Amino acid sequence: MRVTDMTTEYTTADGRRIGGTVMEMKNITLRFGGVEAIKNISFDIREGEIRAIIGPNGAGKSSMLNVISGFYVPQDGEVWYKGAPRPPMKPFEVAQQGIARTFQNIALFEGMSVLDNVMTGRLTHMKTGLFAQSIWKGKAEQEETENREVAERIIDFLEIQAIRKTPVARLPYGLKKRVELARALAAEPTILLLDEPMAGMNVEEKEDMSRFILDVNDEFGTTIALIEHDMGVVMDLSDRVVVMDYGKKIGDGTPDEVRNNQDVIDAYLGVSHD
Amino acid sequence: MTNRIIPTLLRTQVVTAAVLAPCMGQGLGGKKLTNRLDGASGPGSVPALLHRNAKKFASAPAYREKEYGIWQSWTWAQTEEEIEALALGLLSLGINEGDFVAVIGRNRPRLYWSMVAAQMVGAIPVPLYQDANAEEMAYVLGHCGARFVIAGDQEQVDKVIEVQDQLPEFERIVYLDPRGMRKYDHAKLDQYMELQDIGRSKRAELGAELEARQAKLTYDSTCVMLYTSGTTGKPKGVVLSNRNVIETSKTSAEFDHLSQSDDILAYLPMAWVGDFIFSVGQAMWTGFCTNCPESADTMHTDLREIGPTYYFAPPRVFETQLTNVMIRMEDAGRFKKKLFDYFMAHARKVGPALLDGKSVGIWDRIKYAMGELAIYGPLKNTLGFSRVRVGYTAGEAIGPEIFDFYRSLGINLKQLYGQTEATVFITAQPDGQVRSDTVGVACPGVELKIAENGEVFYRSPGVFVEYYKNADSTAGTKDAEGWVATGDAGFIEEATGHLRIIDRAKDVGQMASGALFAPKYVENKLKFFPNILEVVVFGNQREECTAFINIDLTAVGNWAERNNIGYASYQELARHPQVMDTIQAHVEEVNRSVAQDEMLSGCQIHRFVVLHKELDADDGELTRTRKVRRRIIEEKYADIIAALYDGSSSVSTVTEVTYEDGRKGAIKATLEVRAAQVQPVAQKMAAE
């Protein structure tokens, strides 16, 4: 298996700068009782790139994302983040380290407005305490203004101005997905994890979402790791792709390399595993 | 309807403005600006008006735009500086006098400024419809030979880049929104603000040239070129001079007493002449503030926040808003619904009379005041109409119920009639003389004439200079004496002097029996039903009339929801038997109404189908301003029309559709052809 050169920085054909490794999975194995969801997988994520994890249903993609986000702690292997092994931590501590995510089955605050939901993404950037926030004078007020500005820029970026004050519960699925992306972006993450951002969308919504993902990466230089099983979308979006099947890594490389990989073709076209 | 239409149509009438314009020569909201500024003695161009405003109203808001959730505003002084910076920037790119500068994007202050900046350097701005596809855009850009394009965002830039090989004169794009633009090859691209900075830095060098170019602008130099929407054939470039724009802005502003303290919301396409007159012409003349919404989707929220005092919308917008109000009232609690119905009934009774200043009894006045507190006030606030002093609708006929609904709330909604070639204004309704079935009296300075075939002609200071590079069309539209054919058939009411329009002159035809065929007349009656969105009536040179109908998905969808009728698509809902029954009832009601009119009773609809798809501009069936393109529809749906006339009870068809991203697909459907009851022709009634 040929893997793209990982040692030096390079510039992509469309002019984006891809930096060094920001996160690395080293021999990760994850078990649930007797089930091995992830079997000895290693790969890296480089600064500024769009890294996809694909695979058929039940391949272990979501488990992998949960390992990256710190929600699952693997039995074996290490997650290296910014050049050092990451100790087991709570999900909120991971968030504080600059990793934000969206969920496969949308996890927004349904009763709150879109703006309030996006503002919750700013939580890790707020320093004033409960007391100052409730009195809302001086520092807390200023902080709110600053954070609101960031939230508004993201609302503008994702073109959801029209639903700014709409309660999330009233939104259609495609827009909820976009609001989730907005909330994740509001955290100004180093790495953005997207769990099936295109699941359940129609062609037009998929195209919109693809454009937003590319724009986010381009505009903010955010490193993006995404899970998706729509092959077409993934191949167009990502710089490098990890392919999983039955918990194992069966391919890793640029979309072209992966597309021509016999194991990947077999996994997708359905060759019997024996 | 009256049966006087035809006798009146056949007479040639000339009605001059002196008779019909009681409002002429009134002041400008108390400000005396008039004489100092006419072409001969004062600033005779839009940039000159800008400089005047920058001095006169220096710190008053000129443009606002909602961005990042906040209304950002620019004063007249700031606006002048921004526009000059851009003009200098354009000079640094080597723009020549007489060059065409295309402007494409949604309504944003900076795009309005770019039009004025182009005028400053002696170039001619050409605003384009932002939802035009690349080919449509290529035609216009190629026709005027635009050297520069000022584009709102990446989407518009992409379209221009896609067709640039067909455009030999095209040189550079200036884009506004930098999003997604970083990866582009910038050899032919400039960012708007960066170009302004370049302009600012070269002020010393290029300032004199800018002054010289502005000094050369006269009342007769070209102000703007606007392309017609192309209901028939290719769009034509209408050249308007400073005289056209400034004179029209002046007289129309005086007609409605517009002043510097007014506010408008700029949300209609920038390529449309009305938007240019409201947001540039009248704004520059009176110095009022032009507010731009955050995005097309937030228009209603922004409308509510700004509360414009001067407002324009096509009937469709008013219709949609009324439909939404009614839908929401259906869902309201019983008490609220009762209260609403009670006070709205009262409003319909006395509201229009109060608005026209007619005498109304004291008890009715008290009741109306209570209604204002309980219903009308809050409703106007929700709609964003609390402050509207002058509201206009035009472009299509508006349903009497819709029109009366807004007027009964105390909103001074009026109708006007105009076209690009007239720099908008031909007729308008003066305060106190407002009715839903006329388009008003001739505007100040406008003369009207009805030709033998019923076509309306006019002559005014707003009459366009020419169609660009199309002398034949110019000659065919405008005669040597300056009379312009509107292409609409109508007549002038003798008693009031109001103009009434019945249809496009070329669409008015004859049925096989010799009876008059006026499709629009029937279509409008049908479209006044909230359930019906679009109608196309056929019958020219035929024995009887038939129709295509589009249901209104919002209204019918809401009805379906309330009655527990499940549907997956427009197509499925459109063929539902109950929907068909409702539409049939509407058609029969219209037939009864049409039968009342002796001349038009032949236009009753005998058979109809509810179409399986909505007519759409992307499929070429409507113009970008949503007018029906009859010929294209007739060709495209020839099979369905055949079925309407051969007596079959259903027809199977396959229709090609274009999705928003330009891809094509096909819809297959079997349509039910329904026969509607028609009334006997009402000749006896007329004879009595």
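Keep in mind that this is a model prediction, so the values were computed, not measured. (Residues numbered from 1 in each chain as written. Chains lettered and ligands numbered in written order. Predicted model: local features only at pLDDT ≥ 70, side-chain atom pairs only at ≥ 80, totals over all residues. Heavy atoms only, no water.)

Here's the deal with the overall build of chain A
Move 1: Along chain A, the regular secondary structure elements total 10 helices and 12 strands.
Move 2: Across its three principal directions, the C-alpha atoms of chain A cover 65 × 40 × 40 Å.
Move 3: The burial tally for chain A puts 50% of its 274 residues in the buried class.
Move 4: Restricting the contact set of chain A to residue pairs at least 6 apart, pairs at least 24 apart contribute 68%.
Move 5: By element, 53% of the accessible surface of chain A is carried by carbon and sulfur atoms, the whole surface being about 12900 Å².
Move 6: Looking at chain A, you have 32 positive and 43 negative side-chain charges, and the mean spots of the two groups are 5 Å apart. (Helix = DSSP H or I, 4+ residues; strand = E, 2+ residues; numbered from the N terminus. Buried < 20%, exposed > 50% of the residue type's maximum accessible area, 1.4 Å probe, protein only. Contact = heavy atoms within 4.5 Å. Areas by Shrake-Rupley, 256 points an atom, 1.4 Å probe, with all protein chains shown as cover. Lys, Arg positive; Asp, Glu negative; His and termini not counted. Charge placed at Lys NZ, Arg CZ, Asp CG, Glu CD.)

With respect to the pairing of strand E18 (residues 447-450) of chain B
All names here are of chain B.
Move 1: Relative to strand E19 (residues 455-459), E18 is paired through 4 bridges, and the arrangement is antiparallel. Looking across to E19, one finds that Lys 449 is bridged to Phe 457.
Move 2: Where E18 folds back on E19, the antiparallel hairpin that results is connected by 4 residues, among which Gly 454 adopts a positive phi of roughly 95°. (Pairing = 2+ DSSP bridges.)

A few points about the confidence of the model for chain B
Caution applies to low-pLDDT regions: their predicted coordinates should not be interpreted in detail.
Residue and element names in this part refer to chain B.
Move 1: On average, residues of chain B carry a pLDDT of 87, and 92% of them reach 70 or more.
Move 2: Taken together, the stretch residues 1-41 has pLDDT below 50 and engages in 90 contacts with residues farther than four places along the chain or on a different chain.
Move 3: Contacts from residues 684-688, a stretch scored under 50 in pLDDT, to residues over four places away or in other chains number 3 contacts. (pLDDT = per-residue confidence, 0-100.)

Digging into the interface of chain B and chain A
Move 1: Facing the 15 residues of chain B at the interface are 17 residues of chain A.
Move 2: Summed over both sides, the interface between chain B and chain A buries roughly 1600 Å², with carbon and sulfur atoms accounting for 40% of that surface.
Move 3: Broken down residue by residue, the surface that chain B buries against chain A is led by Tyr 68, Arg 179 and Lys 183 of chain B, which jointly contribute 47%.
Move 4: For the pair chain B and chain A, the interface holds 4 salt bridges.
Move 5: The salt bridge partner of Arg 179 of chain B is Glu 159 of chain A, with a shortest N-O separation of 3.5 Å. (Buried area = accessible area lost by both parts, 1.4 Å probe. Salt bridge = Lys/Arg side-chain N within 4 Å of Asp/Glu carboxyl O.)

Describing the pattern of salt bridges
Move 1: Counted under the stated rule, the structure contains 63 salt bridges over all chains.
Move 2: For Arg 31 of chain A, the salt bridge goes to Asp 76 of chain A, with nearest N and O atoms at 3.2 Å. Note that Arg 31 of chain A is positioned in strand E3 (residues 21-32) and Asp 76 of chain A in strand E6 (residues 76-81), a separation of 45 residues in sequence.
Move 3: On the basis of relative accessibility, which here comes to 31%, the residue Arg 31 of chain A falls in the partly exposed class.
Move 4: A relative accessible area of 36% means that Asp 76 of chain A is categorised as partly exposed.
Move 5: Between Arg 64 of chain B and Asp 263 of chain B there is a salt bridge; the shortest N-O distance is 3.1 Å. Taken together, the residues Arg 64 of chain B in strand E2 (residues 61-67) and Asp 263 of chain B in strand E11 (residues 263-265) connect sequence positions 199 residues apart.

Side note on the sheet that holds strand E7 (residues 172-175) of chain B
Within a sheet, neighbouring strands are paired by backbone hydrogen bonds and run either parallel or antiparallel to one another.
All names here are of chain B.
Move 1: One open sheet holds the 5 strands; their spatial order is E5-E4-E6-E7-E8, and the pairing between them is parallel. In the strand order of this sheet, the two ends are held by strand E5 (124-128) and strand E8 (189-191), each with one partner. Going from strand to strand, the sheet's axes swing by 25° on average, the running direction of each strand aside.
Move 2: As paired elements, strand E6 (residues 148-151) and E7 share 4 bridges and run parallel to each other. Residue Val 149 lies in a different strand from E7, and its bridge partner there is Ile 173.
Move 3: In the packing of helix H5 (residues 109-120) onto the sheet, contacts are made with strand E4 (100-104), E5 and E6, and the angle to E4 comes to roughly 175°.
Move 4: Packed on one face of the sheet, helix H7 (residues 154-163) meets E4, E6, E7 and E8 and runs near 175° to E7. (Axes fitted to C-alpha atoms, helices over the stretch in contact; angles between N-to-C directions.)

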